[in-house]
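Structural features, examined
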Number of protein chains: 2
Amino acid sequence: MAKEKQVAQITAMEDDFAQWYTDVCTKAELVDYSGVKGLFILRPYGYALWENIMNVLDAKFKATGHENVSMPLLIPESLLQREKDHVEGFAPECAWVTMGGSEELDERLCVRPTSETLFCDHWSHVLQSWRDLPMKYNQWCSVLRWEKTTRPFLRGREFLWQEGHTLHATEAEAREETLQQLEIYADVLENYLAMPVIRGNKTEKEKFAGAVETYTVECMMHDHKALQSGTSHYFGTGFAEAFGITFQNKENQAAYPHQTSWGMSTRVIGGLIMTHGDDRGLVVPPRIAPIQVIVLPIAAHKPGVTEAAEAIVERLKAAGIRAKGDFSDNSAGWKYAQYEMKGVPLRVEIGPKDLEKGQFVAARRDNGEKAFLPLDELESAVAKLLDDVHDGLYRKAKENLESHTWAVTSVAEAKEKAADGFVKAMWCGDLACELRMKEEAGVSSRCIPYKQERVSDVCVCCGKPAKHMVYWGVAY
Amino acid sequence: MAKEKQVAQITAMEDDFAQWYTDVCTKAELVDYSGVKGLFILRPYGYALWENIMNVLDAKFKATGHENVSMPLLIPESLLQREKDHVEGFAPECAWVTMGGSEELDERLCVRPTSETLFCDHWSHVLQSWRDLPMKYNQWCSVLRWEKTTRPFLRGREFLWQEGHTLHATEAEAREETLQQLEIYADVLENYLAMPVIRGNKTEKEKFAGAVETYTVECMMHDHKALQSGTSHYFGTGFAEAFGITFQNKENQAAYPHQTSWGMSTRVIGGLIMTHGDDRGLVVPPRIAPIQVIVLPIAAHKPGVTEAAEAIVERLKAAGIRAKGDFSDNSAGWKYAQYEMKGVPLRVEIGPKDLEKGQFVAARRDNGEKAFLPLDELESAVAKLLDDVHDGLYRKAKENLESHTWAVTSVAEAKEKAADGFVKAMWCGDLACELRMKEEAGVSSRCIPYKQERVSDVCVCCGKPAKHMVYWGVAY
């Protein structure tokens, strides 16, 4: 037998949250660093997390009538420049292909940072009549944005995402689509990733380059910073006009279609790490966990134990639960620590005494609670415990959000409170006040939430009549 | 009501096979051309085909213990150069990123043409012990190869594929993996795409850059040319040595692992078009068809017809069959032509007379056969018909392959017969004779098939004793 594997050690959250985060990313075997700064490798466990999130999203996109497509990786510079605001937003962080084989290209090609321009170019070829609308497309791919500072999942020069792009005959229908897709993101974050969200509009300053309106779902991390976790944009007819996309409407007239786009990325994996993780490592929300239940035989050499553990794995799998047994000769201590590091929501153990009593042991990753449960209720008991873990994670995250959100009425107060959470403050709607909040209180506007409250009658900055209540915070 | 939609026209196969092919690609709405030569857009119907192929492959990869990962898009030039044969094979067709934002990069980065070097770099970080082996990874992604001439699916500067990469402790295990994965490709081609294959080894000349051995599945197209449809490579320890990948074996010694890679791409969509298509358009093999059954109401305004057609769609869907109803006000003629163009394997119709008789009409896309079948046997009858279509397509393709394969014993005969199919000819194993076959008979070696036949005792070229029987042909 080779020497025993070592349990990986990680930095404590309290000591250095950023270091804790990168420790979890690597020690839980989610990512590896590649030879290019900001381009990360998603290892099997990290990719399986993303696969499960993709499967949930993809099913919801298809159920709402969207179709997947594949657009090219490269955008000619002239195409990117077609929409003025858009190119200003993205050109500074484009990676450029300038050579093909040994030849210099006539026109340099940008590796897509997002694909609005590609979809628009395609639509300008194929859209003809109102009968072709709506066109509701989605694409799963990676995009490149040449960022200065990078961190696994949170900010990469390459990241994986989905980008939805749709065209509609009317503004009302496009706006409805924009909101509907934001609700899908909120649903997936809350009901699969156990991350409570704040839904709202972005301010003019924080909108997507080229959008008329950007909607967002914002989440609070364990360190009380904000993570923008999904956005949905209504474009009006701006891109259609820039790209010459028209259709013949029911009245036989040429009209511009109304456009949307919406995206969610591997960033949400960073989000779930910083929402649920603890000093023992990752805690994965059960509904997207690659391994929902790890099954360990205790005193595996005793008669019947291994067979019983194998039977448990098979029964759970047959019940549609993602269960795995670890029958290796690694020590029990190593196994405990390893699956805790990987954040497996539930550990099931069975040993000789349990066999005698017809029971199994279930230990929750989120709160460490252990229960002795009858073997003949295995499937239903485990399914219930997985739901309990989800609910427990969601509740804890919701408490964190609520207990670290403060209504404030002055910039000084905003600065003080923002060090430890979100602040809710009234705003007149002027860019100058938004910039002052950034400069003096160190916060950006996260969103104008759907659920408005009247914290005061006047803007937190200038004292003029307030238009909106805004969430402000320090963002990743 | 707007004016009736026009039925798309395509070139006849006999008149111009290449034009027929591109007509099918565009008129069946599989692809659109982008602004960059050789980078194609996969439209919803084309991508859905690929999605279904992906789903079949992915399930088989997972069932054989493979895990998906995501490697970076970009490869530093120095990393690509680490393995000598590999860089020679790929560097001439790399697309190079030389700028990030407004800055020139210190080292240029190649957009991955294939990812061996990235997997090796990662493995050199993470592999430690025999306990970590095998590592059996797969990646779904797009790759770039800056080709001179391009055609949808068959040869793109960008194409979608999967690339499997595995590491093993022993040569025997790695070789077994290589062959097992080739069998998965053969299985998917024959049993899902209805494309009969010839399995074999590539010659030294035709091997993948850096491989010890390359296995291939070769298919014959309708025009009797060859399409290499999937390859699987055994690398030995060459890459491991070049990248310094070692593990501690059971005897506590450092050892090099044995490596494989294997890939299948969107090329097979080109293959199925050219295998099964006809002058009315695409013919999609049922098991990967995005729409397996199109349901059309006949005289939809008559009482009960639309409801009956809707009920048929729902019953088929409930039986796990991908059915779609077309209840639009387009004419029956347009609908017939449209779904024939798109190659939907089965058309189901129901009209007032059928309702009276408790029957439905089923029309096969492959041979035009129509049947009147009892409504209460809908699900089983349709499932059987879909299998019949699959079998019919496979049989026809097999007949094409067999009736256009000739055993030849001279270069002149090879040249004559190769104009119209594959030739089987003996080979001494020398590169010179392989090159002469290319130059004089215009054929490349497709493979040294598993199933050897003794066409003669001597090499078709030089008359020296023969080592192998080889399939030769004109390849896409």
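That block above? That's the structure.
A brief structural summary. Everything numeric in this text was worked out from a predicted model, so none of it was measured.

1. Description of the overall build of chain A
Scanning chain A from terminus to terminus reveals 14 helices and 23 strands. Taken along its principal axes, the extent of the C-alpha atoms in chain A is 80 × 55 × 50 Å. A burial count over chain A gives 61% of its 476 residues as buried. Of the contacts formed within chain A by residues at least 6 apart in sequence, a portion of 69% connects residues at least 24 apart. Here chain A displays about 18600 Å² of accessible surface, and carbon together with sulfur accounts for 48% of that area. Charged side chains of chain A number 55 positive and 69 negative; the gap between the two group centres comes to 3 Å.

2. Here's the deal with the pattern of salt bridges
All names here are of chain A. As enumerated under the stated definition, the model contains 62 salt bridges over all chains in all. Ionic pairing is found between Glu147 and Arg155, a salt bridge with its closest N-O pair at 3.4 Å. For Glu147, a relative accessible area of 16% translates into the label buried. A single network of salt bridges, built from pairs that share partners, joins Asp278, Arg280, Glu340, Arg347, Glu349 and Arg365.

3. Thoughts on the pairing of strand 15 (residues 293-297) of chain B
Residue and element names in this part refer to chain B. Summarising burial for strand 15: five of the five residues are buried, a large majority. Strand direction decides the pairing type here: strand 15 and strand 16 (residues 323-325), joined by three bridges, are parallel. By the bridge assignment, Val293 is partnered in strand 16 with Ala323. Each parallel crossover has a hand, and the one from strand 15 via helix 9 (residues 305-318) to strand 16 is right-handed. In this sheet, strand 17 (residues 346-350) lies alongside strand 15 in parallel orientation, the contact comprising five bridges. For Val295, the partnering residue across the bridge sits in strand 17 and is Val348.

4. What about the interface of chain A and chain B?
With 58 residues of chain A at the interface, the matching set in chain B holds 58 residues. Overall, the association of chain A and chain B removes approximately 4600 Å² of surface from exposure, summing both partners, and the carbon and sulfur fraction of that is 56%. Its largest share of buried area at the contact with chain B, chain A owes to Pro44, Ser70 and Arg131 of chain A, together 13% of the area lost on that side. Joining chain A to chain B, the criterion identifies six salt bridges. Note that Lys148 of chain A is salt-bridged to Glu103 of chain B, the shortest N-O span being 3.5 Å. Summed over the shared surface of chain A and chain B, the number is 23 residue pairs in polar contact (both at pLDDT 80 or more). Counting residues per element, the side of chain A that touches chain B draws most heavily on strand 5 (residues 95-100) of chain A, which supplies six residues. Among the residues making up the side of chain A that touches chain B, the classes are represented as 31 nonpolar, 11 polar and 16 charged.

5. Considerations on the sheet that holds strand 4 (residues 74-76) of chain A
Spatial ordering of the open sheet is given by 4(A)-6(A)-5(A)-5(B)-6(B)-4(B), a layout of six strands whose pairing is antiparallel. Bordering the open sheet on either side are strand 4 of chain A together with strand 4 (74-76) of chain B, each of which pairs with just one other strand. Geometrically, the sheet is characterised by an average inter-axis angle of 45° between neighbouring strands, direction not taken into account. One ladder, built from five bridges, connects strand 5 (residues 95-100) of chain B with strand 6 (residues 103-111) of chain B; its direction is antiparallel. By the bridge assignment for strand 6 of chain B, Gly100 of chain B is matched with Glu103 of chain B.

6. Examining the sheet that holds strand 18 (residues 359-364) of chain B
Residues and elements named next belong to chain B. The mixed open sheet is built from five strands, whose spatial order is 16-15-17-18-19. Strand pairing shows two members of the sheet lacking a second neighbour, strand 16 and strand 19 (370-374), which therefore form its edges. For this sheet, the mean angle separating the axes of adjacent strands, direction not counted, is 25°. The sheet contacts of helix 10 (residues 332-341) involve strand 15, strand 16 and strand 17, and relative to strand 15 the element is tilted by about 180°.

7. Quick look at the relation of the copies chain A and chain B
Rotating chain A by 180° about the axis while translating it 0.0 Å along that axis superimposes it on chain B, leaving an RMSD of 0.0 Å. The superposition operator between the copies reduces to a two-fold rotation axis. Rotation axis and chain A: the residue whose C-alpha lies nearest the axis is Val97 of chain A, separated from it by 2.1 Å.

8. Brief notes about the packing of aromatic side chains
Here the structure, examined in full by the defined rule, presents 32 aromatic pairs over all chains. Members of the aromatic cluster, connected to one another through ring pairs, are Phe90, Phe208, Phe235, Phe239 and Phe243 of chain A. The ring of Trp96 of chain A has Arg108 of chain A lying over it, and the distance from NZ or CZ to the ring centre is 3.9 Å. Above the ring of Trp130 of chain B, the side-chain terminus of Lys250 of chain B is found at 4.7 Å from the ring centroid.

9. Side note on the side chain of Asp23 of chain A
All names here are of chain A. Here Asp23 shows up in helix 1 (residues 17-27). Of the side chains with opposite charge, Lys27 lies nearest to the buried Asp23, which makes no salt bridge, at 5.8 Å. Apart from the residues within four sequence positions on either side, Asp23 is in contact with Ile10, Thr11 and Ala28.

10. What about the pairing of strand 23 (residues 468-473) of chain A?
Residues in a regular strand project their side chains so that they alternate between the two faces of the sheet. Residues and elements named next belong to chain A. Most of strand 23 is tucked away: five of the six residues are buried. In terms of strand pairing, strand 21 (residues 422-427) meets strand 23 through five bridges, oriented antiparallel. Looking at strand 23, one finds that Met426 is bridged to Met469. Pairing between strand 22 (residues 444-449) and strand 23: three bridges, direction antiparallel. Each residue of the ladder has a partner; that of Ser444, found in strand 23, is Gly473.

11. Quick notes on the side chain of Thr260 of chain A
All names here are of chain A. Topologically, Thr260 is positioned in strand 14 (residues 258-265). Residue Thr260 is classed as buried on the basis of its relative accessible area, which comes to 0%. At 2.6 Å, the side chain of Thr260 forms a polar contact with the side chain of Thr166. Within the structure, the side chain of Thr260 is placed 3.2 Å from the side chain of Trp262, a separation counted as a polar contact.

12. Some words on helix 14 (residues 431-441) of chain A
All names here are of chain A. Listed in full, the buried residues belonging to helix 14 are Cys433, Glu434, Met437 and Ala441. End-on, the buried residues of helix 14 take up no more than an arc of 105°, which puts them together on one face. The exposed residues of helix 14 that point more than 90 degrees off its buried face are Ala432 and Glu439. Close packing links the buried residues of helix 14 with helix 13 (411-418), strand 21, strand 22 and strand 23. Following helix 14 by one or two positions, Gly442 adopts a phi angle in the positive range, close to 75°.

13. A look at the environment of Gly351 of chain A
All names here are of chain A. Inspection of the secondary structure assignment puts Gly351 in the loop between strand 17 (346-350) and helix 11 (352-357). Between the C-alpha atoms of Gly351 and Gly304, which are 47 residues apart in sequence, the distance is 8.9 Å. Apart from residues lying up to four places away in sequence, Gly351 is in contact with Ile298 and Val305.

14. Topic: a negative patch on the surface
Residue and element names in this part refer to chain A. Together, Glu14, Asp15, Asp16 and Asp279 make up a negatively charged patch on the protein surface. Among the structural elements, Asp15 can be located in the segment before helix 1. Of the residues examined, Asp15 reaches a relative accessible area of 64% and is grouped as exposed.

15. Some remarks on the environment of Cys141 of chain A
All names here are of chain A. Relative to the helices and strands, Cys141 is located in strand 7 (residues 135-144). A C-alpha to C-alpha distance of 5.8 Å links Cys141 and Trp161, two positions 20 residues apart in sequence. Contacts of Cys141, omitting those with residues within four sequence positions, involve Arg112, Phe159, Leu160, Trp161 and Glu163.

Cut-offs applied
Residues numbered from 1 in each chain as written. Chains lettered and ligands numbered in written order. Predicted model: local features only at pLDDT ≥ 70, side-chain atom pairs only at ≥ 80, totals over all residues. Heavy atoms only, no water. Helix = DSSP H or I, 4+ residues; strand = E, 2+ residues; numbered from the N terminus. Buried < 20%, exposed > 50% of the residue type's maximum accessible area, 1.4 Å probe, protein only. Contact = heavy atoms within 4.5 Å. Areas by Shrake-Rupley, 256 points an atom, 1.4 Å probe, with all protein chains shown as cover. Lys, Arg positive; Asp, Glu negative; His and termini not counted. Charge placed at Lys NZ, Arg CZ, Asp CG, Glu CD. Salt bridge = Lys/Arg side-chain N within 4 Å of Asp/Glu carboxyl O. Pairing = 2+ DSSP bridges. Right-handed = clockwise from strand over helix to strand, strands pointing away. Buried area = accessible area lost by both parts, 1.4 Å probe. Polar contact = N/O pair within 3.5 Å; in protein donor to acceptor, adjacent residues only side chain to side chain. Nonpolar A, V, L, I, M, F, W, Y, C, P; charged D, E, K, R; others polar. Axes fitted to C-alpha atoms, helices over the stretch in contact; angles between N-to-C directions. Least-squares fit on C-alpha atoms with pLDDT ≥ 70 in both. Phe/Tyr/Trp six-rings, centres within 6.5 Å; stacked < 30°, edge-to-face > 60°. Lys NZ or Arg CZ within 6 Å of the ring centre and 35° of its normal. Arc of directions from axis to C-beta. Patch = residues over 30% accessible without salt bridge, like charges linked within 9 Å, V, L, I, M, F, W, Y side chains within 5 Å.

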